[in-house]
Amino acid sequence: MYVDIPYSKRYGEKMYINKRYDTLQKLVLIAFAQEILRAMGDTREVVGFYPTELIIPTFRSKFMDGVLELDDGTLMNVEFQTGDLDGDFLLRCAQYAVNLRVVSGRHVETNIVSAGSRVNSEKIAFISKYFHFEPKLFFYSEFDGLEKLINIKNKIKNQEKLSSTDHYDLIFIPLMGNVDRVKAAFEVFDIVNDEKIFNEDEQSQIKQCQYVVADIVADGDVDLLNEFMERITMFAGFLVEREKALVESGRTEGRTEGIVEGRDEKASEIAANLKGKLSILEISEITGLSVEKIEKL
């Protein structure tokens, strides 16, 4: 599956992927929902996706990052936060949980995955003296990225087949603790390039997420981002060429609409598969297709 991530803005020499962390979370939820649950230590099975848009009377429409339907009937809202958690964010998640409970009539759990620090984060949202919201919190910094990377490299050395959890880890190792982010990024990008270890579908699933991780780790450093792009070879160099074209063109008109010629058909296929799992606006953001075109699929 291929997803082309549109750029939203370019300020001078600094580039940003529109809502890059949100985009990463949605891509990973689609491709690695069960692995996310396993990483959280949850043994339940993911049976589907629940619409992420909440439309409540007297409330404006609200979009959650991703909602998983579990085999025990529970709905799990997985929210991704770029940094430390504050009270406003937790209250927003609490509102999502209550509204989703009202709309669905089902039990709702909230799990938050953060690139921040537990020490510097608020953990509970106090609604009143007797009512508080305490979601499960997971911080990438608390996972040992070096240990996971060594384990994967040892498997490769011993010619062992990598698991789907290993594939998931190859996305997030650069964001974990106990690693040099830049060095780890180069290592995992190179590992996934090995066609002897991964088939094209596996590479596609991982690389479309690594593309966003590269932007996160580069953090506005265009030269470093270009080096990353040279490593994340994808579809006979298509992604690299697209990235170079964006850099050289100096686009300033906001997010790039659509997908380059020849990818429209594939984007339509992806959008059709995502209908019913994500909102139309989210599908548009991920695929680059217009809302009108998606509605007609």
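Since this is a predicted model, take the numbers as computed values, not measurements.

K.L.:
So what exactly am I meant to see when it comes to the sheet that holds strand β6 (residues 67-70) here?
P.N.:
Across a sheet, strands are paired by hydrogen bonds formed along the backbone, either parallel or antiparallel in direction. If you walk across this open sheet you meet the five strands as β3-β6-β7-β8-β11, and the pairing is mixed. Every other strand in the sheet has two partners, leaving β3 (46-50) and β11 (136-139) as the edge strands with one partner each. Pairs of neighbouring strands in the sheet enclose a mean axial angle of 25°, with direction left out of account. Taken together, the seven bridges between strand β7 (residues 75-81) and strand β8 (residues 108-114) define a ladder with parallel strand orientation. Bridge assignment links Asn77 to a residue of β8, and that residue is Thr110. Contacts from helix α2 (residues 87-104) reach β3, β6, β7 and β8 within the one sheet, and its direction differs from that of β8 by about 150°.

K.L.:
Which parts of the structure should I look at to understand the packing of helix α6 (residues 200-218) against helix α7 (residues 222-231)?
P.N.:
Geometrically, a packed helix pair is captured by the angle between its two axes and the distance between the axes. One can describe the packing of α6 onto α7 by two numbers: an axis separation of 9 Å at closest approach and a directional angle of 160°. On the basis of the axis angle, α6 is roughly antiparallel to α7. In this structure, the crossing between α6 and α7 has a hand that is right-handed. Residues Lys207, Tyr211, Ala214, Asp215, Val217 and Ala218 of α6 form the contact with α7, whose participating residues are Leu224, Leu225, Phe228, Met229 and Arg231.

K.L.:
Which parts of the structure should I look at to understand the packing of aromatic side chains?
P.N.:
For any two aromatic rings, the description comes down to two numbers: the centre-to-centre distance and the angle of the planes. For the structure shown, the criterion picks out six aromatic pairs. Summarising the aromatic geometry, the rings of Phe189 and Phe228 are spaced 5.3 Å apart at their centres and angled 85° between planes, so their arrangement reads as edge-to-face. On the criterion of sequence distance, the pair formed by Phe189 in helix α5 (residues 181-192) and Phe228 in helix α7 is long-range, its members being 39 residues apart. A residue is classified by how much of its surface remains accessible, and Phe228, at 0% relative accessible area, is buried. Aromatic rings pair up to connect Phe32, Phe80, Tyr140, Tyr168 and Phe172 into one cluster.

K.L.:
What am I meant to see in the nonpolar core here?
P.N.:
Generally speaking, a soluble globular protein has its nonpolar side chains buried in company with each other. Ranked by internal contacts, the top residues of the largest apolar core, which has 50 residues, are Leu24, Val28, Leu170, Ile171, Phe172 and Phe228. Those residues in contact with Ile171 that lie beyond four places of it in its chain are Leu24, Val28, Phe32, Ile206, Cys209, Gln210 and Val213. If you look at the next biggest cluster of nonpolar residues, it comprises 11 residues, including Leu85, Leu90, Cys93 and Ala94.

K.L.:
I keep staring at the environment of Glu35 and nothing clicks. Help me out?
P.N.:
Following the sequence through the fold, Glu35 ends up in helix α1 (residues 20-39). Residues Glu35 and Thr165 lie 130 residues apart in sequence; the distance between their C-alpha atoms is 5.5 Å. Here Glu35 is in contact with Ser164, Thr165 and Tyr168, once residues within four sequence places are set aside.

K.L.:
In this structure, what is going on with unusual backbone geometry? I would like to understand it.
P.N.:
Most peptide bonds are trans, and most residues other than glycine sit at a negative phi. Non-glycine residue Asn178 carries a positive phi angle of around 65°. Along the chain, Asn178 turns up in the loop between α4 (164-172) and α5. Judged by its relative accessible area of 51%, Asn178 falls in the exposed class. Residues other than glycine seldom take positive phi values, yet Asp219 does so here, at roughly 50°.

K.L.:
Looking at this model, I keep getting lost on the pattern of salt bridges. Mind explaining?
P.N.:
Between side chains of opposite charge, a pair can form as their charged atoms come close. Enumeration according to the criterion identifies 10 salt bridges in this entry. Note that Arg118 is salt-bridged to Glu142, the shortest N-O span being 2.7 Å. Pair noted here: Arg118 is in the loop between β8 and β9 (125-126) and Glu142 is in the loop between β11 and α3 (145-157), with a separation of 24 residues, a long-range link. Between Asp169 and Lys148 there is a salt bridge; the shortest N-O distance is 3.8 Å. With Asp169 in helix α4 and Lys148 in helix α3, this pair connects stretches of sequence that are 21 residues apart.

K.L.:
Would you explain the confidence of the model for the protein chain in this entry?
P.N.:
Should pLDDT be low for a region, the predicted coordinates there are not to be read in detail. Overall, the prediction assigns the protein chain a mean pLDDT of 79, with 73% of residues at 70 or greater. Of all helices and strands in the protein chain, the one with the weakest mean pLDDT is strand β1 (residues 7-11) (28), whereas α3 scores best (98). Taken as a whole, residues 56-61 scores under 50 in pLDDT and shows seven contacts with residues more than four places along the chain or in a different chain. Confidence drops under pLDDT 50 across residues 235-263; counting only partners more than four residues distant or on other chains, this segment forms 52 contacts.

K.L.:
Can you walk me through the environment of Met76 in this structure?
P.N.:
Inspection of the secondary structure puts Met76 in strand β7. Between the alpha carbons of Met76 and Leu37 there is a distance of 9.8 Å; along the sequence they are 39 residues apart. The contacts of Met76, once residues within four sequence positions are left out, are Leu37, Met40, Asp42, Arg44, Gly66, Val67, Leu68, Leu70, Glu109 and Asn111.

Definitions and cut-offs
- Residues numbered from 1 in each chain as written.
- Predicted model: local features only at pLDDT ≥ 70, side-chain atom pairs only at ≥ 80, totals over all residues.
- Heavy atoms only, no water.
- Pairing = 2+ DSSP bridges.
- Helix = DSSP H or I, 4+ residues; strand = E, 2+ residues; numbered from the N terminus.
- Axes fitted to C-alpha atoms, helices over the stretch in contact; angles between N-to-C directions.
- Contact = heavy atoms within 4.5 Å.
- Parallel < 35°, antiparallel > 145°, perpendicular 65-115°, else oblique.
- Left-handed = near helix turned anticlockwise from the far one by under 90°.
- Phe/Tyr/Trp six-rings, centres within 6.5 Å; stacked < 30°, edge-to-face > 60°.
- Buried < 20%, exposed > 50% of the residue type's maximum accessible area, 1.4 Å probe, protein only.
- Core = buried A, V, L, I, M, F, W, Y, C linked by side-chain atoms within 4.5 Å.
- Salt bridge = Lys/Arg side-chain N within 4 Å of Asp/Glu carboxyl O.
- pLDDT = per-residue confidence, 0-100.

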